[in-house]
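Chain residues, written in single-letter form:
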Amino acid sequence: MDDTLIHQVQTSHIIHSSPEHDMSLKGIEQQRRIPPKPSQSTTKARSPPPPPPLSKKYHGSVNSHPPLPPPPPQSRAIQIDRSAEVTPPILPPRPVLAEGPSVPILPPRPSSSSIARSNTVTATGRSSQGGSFASSANNVRRALTTVRRGIGHPALLMSTSVYPDFTNASRKPPVGNSAGQRLGGSKHTVYTIAAAGSTLAIGGHTTRIWDIEKNACLYAVDPAMPNDNNDKVRSMAFAPCRNPANEGHYLWVGMQDGMLMVLDASRQMILGKRANFHSAPVQFIMRHKNTEVWTIDESGSLKIWPALAVDCDQHDPLDLNPGKCQVTSKAVAAVKVDSCLFMSSGRTLEYHTIPLSQNPVRKRIPNDLGNITQLAAVPYHYHRIFASHDNGKISIWDSESIERLQVITVSMYGISAMVGVGDYYLWVGYNTGMIYVYDTRPEQWLVVKVWKAHTSAVSCMVVDDTGLILDRSTVQVVSTDSSGNIAYWDGLLTDDWQEQRLHAHVREYCDYRDIEVMICSWNIDATKPEKLANTDDDIKLHEWLKGMKNPDIIVVGMQEIVDLESKKQTARSLFASRKKIETLQDADELLTHRYSLWHDYLVQAVAQNYGEHAYIVKKTDQLVGLFSCIFVKSSLGSRISNCESTLVKTGMKVMNRSLHGNKGGIAVRFLLDDTSLCFVNCHLAAGQSHIQQRNADAEGILQTTAFSAHETPDIFTNGGDGSLVLDHEVCFLSGDLNYRIGMSREDVIRELKNPDQQAARERLMAEDQLLKQRHTNPLFKLLTFQEPLIEFNPTYKYDPGTNCYDSSDKKRVPAWCDRILYHGESIQNLYYRRHEVLASDHRPISAGYSLEVKYIDYGKRDAIQKKIPEAWRKHLLEIVKSRKTLYVADYDACSLSEAHSRLEANQWNVQQTVEDLYE
C-alpha cells in the first residue's frame, strides 16, 4: 500500500470524525440505493466505501430505539437508513502497511470456544459502598491542579494503543490478616455485595448478613414466595450515620420488583419496606458522602434520600420524601464522583450533575470498543473516568466533556469487574477468574499483581475502607464470582509494600559473585554423531561447545534428535506416558540409543575442550525430539541445590490436551548459592504463517511447566514460589522457536546478497515475526524476555551438507528460527553467534553471558527486616489521617482543612470530632 492511499485513509477518518461532516439522511440513502459509477481513472482517489452490513451482536432492532442524537465531534457522522433493520456502523478495517512503521496489529480475539465471553457480567446492581483511601492529605484534591492531557478522537483512531508493563508483576495473592478469607458458594447467584468493617451483606435470591470475623451468617431475609427460585435482590449499600461506630448497621436493599427494604444488621431486623417509590428493578444503590443514599431503578428514576434526617433507631428510614431525578435508563454500570453521576447502558456513556442543573452529556461508544461492563474513578486522575469493556480494553474519558482520551489494551479476555482502590490503583477482574492490579500513574501502566482469585468469572468487586475510620487499619477488597464464592483481599497491599522496602536494601545483606553461562542450541535434523567423525563438522561442533574460555555452566539444548515426520515414530509414541520414555530400561530402543549417543558425544567434546574432570553432567532430560544436557564446573557441585526438570508437550492435541511431544519444552532449574536459575529448551510450532500457534506453544511452556514449590525468601521473584519458569531470577529460553521472516524467499535472498549486510539485516529483522510480536502484541508471553542483537545470517533452512538455502520444491523462506532469549536483572551478553556445521538444515547457535549470583547473609537480612514494620506503621498512619479527614469533611459541615484541624485537636478521634460537628 503506497503513501497516497495511507494518507487517503487517515484523511477519511478525520473528515468523518469532524463536526463539519454532516451528510443528510436523504443523501446517504441515495448513495446506498444507487451504485457509484466506475472510476474513469485508476489514479483517481476513491471515496471511502459505505460501512459493511452491521452486526446484531450487541444490539437488537433499531426500530425499538429512539432516534439517534446529532453525532458528537469525536464520533463518525454516519446517518443510518432506519427503513432497514440495521445496527450502529462499524469502522472500516485498519490498513496494514507493507513498509515503514506500521500500525500495531493486535492478536485475533479468541473464539467463543476459548473464552467464555458470555460469562461477562453486563448488568448488575453493584453498590458504591466505601471509597478510596489517599496516600497523604496533600493528595486529597490532587487533580484540581492537574494539567489535562489527551489526544483528539480522530487522531486516536489512527494511533497506537498503550499496553501495560508486566515485567515486575507479582503473582502472590494479596492476603494478610483477615484478607484471603473465603466464604463458600451458594446455590443461587450472588448478584450484589456490600461491606463495612466486619459486616458483609450478600444479595441474590435472599439477603444474607455475615460476620466475617466469626465466619458466621447472622441474619437472612428471603422475600421470595414458596418454590420461587428467581433472584430477587438487585442492589445494596450501607447507609451513612451520624455515629461512626454504627458504620455497617443500616443496610439498604433494592429488589427486582422495585421494592426498597432497610435492614438493621446489628439488631437483625427489618426497619422498613416500601414498594411505591420505584416501579422497575432497583439496579443501583449508592452512598453519597455521609449525607445521602441514592436509589436508581431500571427506568432511570433516581431517588435522593437524606439519610441523616431520620433516626433509624426510632423511625422508619423510608418515611421520607426523597428528591427525584431522571437519569440513564437500562444502565449496566454507574459510578459517582462527588455530585456527578456517570452511567452507561453498554454502548453509551452519560454524565449527570445531581441535582440536575443542566442537560446530561451523552456519548456513544466507538465500535472499536466492546460493551462497557463497569465504570470506575481513581483519585489520582481527578478529571478522568475509566470504563472497562468486554473485549479486554479499558478506555479513559474526560469527566467533563466525555471525550475519549486513551485506550489501554489489557487483555484478550473480557473484563467483568473493576474498582478503584487507594489513590491510584485499579483492580480489574476477568471472566477467567483472574484479578489484576494496575498502577495507573505512569503513561504505561504497571501490572503490580496478578493472581487466580476465582475458578469462574469475577462478577463483582467492592472496596471497604471503614477500617481506617474505626482504627482497624484495614482496607478490604471483596470479590465474588459467578458460582457465588466470595473472597477478601488486602487493599493496602501490605505484604508487597514491606517486601519492596526490604528488597531496596538487598545489596546490604547479600554478597554477589560473577559467573559465566554458555547456552548452545541446535536443531540437528536427526543427525547421528557417528556421521560427524573425522569431518569438518566435528571440528565446528567442538568450537560450538567452546565459545567461552572458562564458563561456569554449559547448557546444551538439541531439537529433532529423531525425525519428527516419521509416521512410525509418531504412532509408537502417541499415547506414551513420560514414564515409558524416562528410564533406559523402559524407553523406546531408538530414542534411548540416540540420546545415549549424543550424551556420550557431548561429554567427550566438553572433556576435550576443557579437561577430563573440569565439568560434571548435572542434569539431562529428554522429550520425543528434544534433549537437554547441563554441565557445571566440578568445583560448583556443592553450591547447587534443588535441581530438577520437567517436560511440557505442545505437539498434537486431542480435546485441547497435548498428547504427542513432537513439539514442546524441557525446563531444568536449580539454585546456585541463593540465586534461582531456569533453562528452557523448546521447539515451537512450524509453518510460515503459524504465528499464533507458536505464541500458544510458548505460553503453554511458560504457564504449565510445574516445579516443586519452595517458600524460601528472596530466592524467587515476583511473589512466586519457584513452581513456574518466570518465578526464577535468571531464565534462559532457547531452541528452534520457528519464528519466520514475513517476506518472500526471493526478497530475503536478495537482501542476503546485499554488500551492506548491516542494512540488509535491519530490513530483514523489521519483518522478523518474533521481533514484531514483541512490538505489537501486548499479551505476548515472551515479552519480558530479551535477546542480544542478531549479527549473523538466518540459520534456517539449508540443504544439508551445503551452504545453500532450501532448494527443494517447497523453497522455504530463510529465517532466524533458532534463538536464545534471557530474562532477569544484571545479565550481560558477551557474544551471540551461529556456527557453520553443515550436517543439518539448521545452523547451531550459541551465546555467552555474565551474571551475578547472590549469597544471603540471613543475620543481616533479619536485622533489616525488623525495621520494616515500624516504617509501615508510619506510612499507614499518613493513610489513616488522610482518610479520616475526608470522612469528616463528607458530612458537609466543614471544609477539608477545618476537618483536619478538628481531628488534630481531638487526637484523630473521629467519633468525638463528628459529635462536635452537630453540637
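Because the structure is a prediction, the values reported are computed rather than measured.

Caption draft 1: Here's a closer look at the overall build of the protein. Within the protein one finds 17 helices and 41 strands. The burial tally for the protein puts 55% of its 919 residues in the buried class. For the protein, the proportion of contacts with a sequence separation of at least 24, taken over those separated by at least 6, is 63%. For the protein, the exposed surface amounts to about 40500 Å²; the carbon and sulfur share of it is 50%.

Caption draft 2: Fine view of the packing of aromatic side chains. Considering all chains together, one arrives at 27 aromatic pairs under this definition. Seen from their ring centres, Phe277 and Trp305 are 4.7 Å apart, and the 80 degrees between their planes marks the pair as edge-to-face. With Phe277 in the loop between strand E9 (269-274) and strand E10 (282-288) and Trp305 in strand E12 (residues 301-306), this pair connects stretches of sequence that are 28 residues apart. Note on Phe277: relative accessible area 17%, which makes it buried. An angle of 20 degrees between the planes, with centres 6.0 Å apart, marks the rings of Tyr436 and Tyr438 as stacked. Tyr436 sits in the buried class, given a relative accessible area of 16%. A relative accessible area of 0% means that Tyr438 is categorised as buried. Above the face of the Tyr191 ring, Arg234 is positioned so that its terminal group lies 4.0 Å from the ring centre. Here the guanidinium or amino end of Arg833 rests over the ring plane of Tyr831, the centre of that ring lying 4.0 Å away.

Caption draft 3: Expanded view of the pairing of strand E28 (residues 486-490). Taking burial as the measure, the five residues of E28 include five buried ones, the bulk of the element. With burial as the criterion, each face of E28 is covered, one bearing Ile486, Tyr488 and Asp490 and the other bearing Ala487 and Trp489. Examined bridge by bridge, strand E1 (residues 182-183) and E28 share two bridges and lie antiparallel to one another. In the sheet register, Arg182 faces E28, and the bridge partner there is Ala487. Of the pairings in the sheet, the one linking strand E27 (residues 476-481) to E28 comprises five bridges and is antiparallel in character. Looking across to E28, one finds that Val478 is bridged to Tyr488.

Caption draft 4: Fine view of the packing of helix H15 (residues 868-889) against helix H16 (residues 896-905). The contact between H15 and H16 brings their axes to 8 Å, and the two run at 115 degrees. Considering the relative orientation of H15 and H16, their crossing is right-handed. Residue-level contacts link Lys884, Thr885, Leu886, Val888 and Ala889 of H15 to Leu896, Ala899, His900 and Leu903 of H16. For the contact of H15 with H16, the per-class residue count stands at six nonpolar, two polar and one charged.

Caption draft 5: Quick look at the sheet that holds E10. Across the sheet, which stays open at both edges, the four strands sit in the order E10-E11-E12-E13 with antiparallel pairing between neighbours. Edge positions in the open sheet fall to E10 and strand E13 (323-326), since each of these has one partner strand only. Sheet twist, expressed as the mean angle between neighbouring strand axes with direction ignored, is 20 degrees. Of the strand pairs in this sheet, E10 and strand E11 (residues 292-297) are connected by six bridges, and their pairing is antiparallel. When the sheet's bridge partners are listed, His288 is paired in E11 with Glu292.

Caption draft 6: Highlighting unusual backbone geometry. The linkage connecting Ile354 with the following residue, Pro355, adopts the cis geometry, with an omega of -5 degrees. Positionally, Pro355 belongs in the loop between strand E16 (348-353) and strand E17 (361-364). With an omega of -5 degrees, the peptide bond running from Tyr796 to Lys797 counts as cis. Tracing the backbone through its elements, the reader meets Lys797 in the loop between helix H13 (769-776) and strand E39 (818-823). With a phi close to 65 degrees, Asp714 is a non-glycine residue in the positive phi region. Summarising the element assignment, Asp714 is placed in the loop between helix H10 (691-704) and strand E38 (730-736). Overall, the relative accessible area of 25% leaves Asp714 in the partly exposed class.

Caption draft 7: Local environment of the sheet that holds strand E41 (residues 845-856). Ordered by their spatial adjacency, six strands build an open sheet running E31-E32-E30-E29-E41-E40, and the pairing between neighbours is mixed. The open sheet has two free edges, formed respectively by strand E31 (615-623) and strand E40 (827-834), since each of these has just one partner strand. Taken pair by pair, the neighbouring strands of this sheet meet at an average axis angle of 20 degrees, ignoring direction. Where E31 meets strand E32 (residues 626-633), eight bridges bridge the pair, whose relative direction is antiparallel. Pairing of Tyr615 across the sheet is with Lys633, part of E32.

Caption draft 8: Seen up close, the side chain of Asn609. Relative to the elements of secondary structure, Asn609 occurs in helix H9 (residues 589-610). By relative accessible area, which is 13% here, Asn609 ends up buried. In contact with Asn609, not counting residues within four places along its chain, are His542, Leu545 and Lys546.

Caption draft 9: Structural view of the pattern of salt bridges. Under the counting rule described, the total for this entry stands at 36 salt bridges. Here Arg834 and Glu836 are joined by a salt bridge, their closest N and O atoms 2.7 Å apart. The class for Arg834 is buried, based on a relative accessible area of 13%. Here Arg843 ties to Glu836 by a salt bridge, and the two come within 3.4 Å at their closest N and O atoms. Using a relative accessible area of 0% as the deciding quantity, one classes Arg843 as buried. Glu836 sits in the partly exposed class, given a relative accessible area of 32%. Taken together, the salt bridges that share partners define one network made up of Arg171, Asp721 and Asp727.

Caption draft 10: Fine view of the confidence of the model for the protein. Scored by pLDDT, the protein comes out at a mean of 81, with 76% of its residues at no less than 70. Note on residues 12-160: pLDDT is under 50 here. Beyond four places in sequence and across chains, it has 250 contacts. This stretch, residues 654-659, has a pLDDT under 50; its non-local contacts, to residues over four places away or in other chains, come to 11 contacts.

Caption draft 11: Spotlight on helix H7 (residues 536-544). Within H7 the residues assigned to the buried category are Asp537, Asp538, Leu541, His542 and Trp544. Buried positions in H7, seen along its axis, are confined to an arc of 150 degrees and lie on one side of it.

Caption draft 12: Just the pairing of strand E20 (residues 393-398), in detail. Most of E20 sits out of view: six of its six residues are buried. Here E20 shows a buried face lined by Lys393, Ser395 and Trp397 and a second buried face lined by Ile394, Ile396 and Asp398. Where strand E19 (residues 384-389) meets E20, five bridges bridge the pair, whose relative direction is antiparallel. Bridging from a neighbouring strand, Phe386 pairs with Ile396 of E20.

Caption draft 13: Structural view of the packing of helix H11 (residues 745-752) against helix H12 (residues 757-765). The contact between H11 and H12 brings their axes to 8 Å, and the two run at 155 degrees. By the angle between their axes, H11 is roughly antiparallel relative to H12. Contacts between H11 and H12 involve Val748, Glu751 and Leu752 from the first element and Gln757, Ala760, Arg763 and Leu764 from the second. In terms of residue class, the contact of H11 with H12 is built from four nonpolar, one polar and two charged.

Caption draft 14: Here's a closer look at the environment of Met548. Tracing the backbone through its elements, the reader meets Met548 in the loop between H7 and strand E30 (553-559). Sequence separation between Met548 and Tyr849 is 301 residues; the distance between their C-alpha atoms is 9.4 Å.

Caption draft 15: Quick peek at the side chain of Thr527. Its location among the elements puts Thr527 in the loop between strand E29 (510-523) and H7. From its side chain, Thr527 meets the backbone oxygen of Ile524 in a polar contact 2.4 Å long. Not counting residues within four places of it along the chain, the set of residues in contact with Thr527 comprises Leu532, Trp598, Ala839 and Ser840.

Conventions adopted
- Per chain, residues are indexed from 1 in the order of the written sequence.
- In keeping with the model being predicted, local features are shown solely for residues with a pLDDT of at least 70 and side-chain atom pairs are shown and tallied solely at 80 or more, while totals for entire chains, interfaces and linings include all residues.
- Hydrogens and waters are ignored; side-chain quantities use all the structure's heavy atoms.
- Runs of H or I in DSSP of at least four residues are treated as helices and runs of E of at least two as strands, each being numbered from the N terminus.
- Categorising residues by exposure relies on relative accessible area from a 1.4 Å probe, with only protein chains included: less than 20% of the type maximum marks a residue as buried, more than 50% marks it as exposed, and the intermediate range marks it as partly exposed.
- Pairs of residues are marked as contacts when any of their non-hydrogen atoms sit within 4.5 Å.
- Note on areas: Shrake-Rupley with a 1.4 Å probe; residue coverage comes only from the protein chains shown.
- Here a pair means two rings of Phe, Tyr or Trp (six-membered ring of Trp) with centres within 6.5 Å. Their orientation is stacked below 30 degrees between planes, edge-to-face above 60, and tilted elsewhere.
- Remark: a charge is flagged as sitting over a ring if the NZ atom of Lys or the CZ atom of Arg is within 6 Å of the ring centre and within 35 degrees of the ring normal.
- Here, a strand pair is defined by DSSP locating no fewer than two bridges between the strands.
- Convention adopted: a line fitted to C-alpha atoms gives each axis, helices being fitted over their contacting stretch, and angles between N-to-C directions are expressed from 0 to 180 degrees.
- Crossing handedness is read from the near helix: turned anticlockwise from the far helix by less than a right angle, it gives a left-handed crossing, and turned clockwise, a right-handed one.
- Residues are grouped as follows: Ala, Val, Leu, Ile, Met, Phe, Trp, Tyr, Cys and Pro are nonpolar; Asp, Glu, Lys and Arg are charged; every other residue, Gly included, is polar.
- Any Lys or Arg side-chain nitrogen found within 4 Å of a carboxyl oxygen on Asp or Glu counts as a salt bridge.
- The predictor attaches a confidence to each residue, and that confidence, scored 0 to 100, is pLDDT.
- Directions are taken from the helix axis to each C-beta atom, and the arc is the one they span.
- Any angle from 65 to 115 degrees is called roughly perpendicular, while one under 35 is roughly parallel, one over 145 is roughly antiparallel, and all others are oblique.
- Here a polar contact is recorded for every N or O atom pair within 3.5 Å, except that within protein the pair must consist of a potential hydrogen donor and a potential acceptor, and residues adjacent in sequence are included only if both atoms are side-chain atoms.

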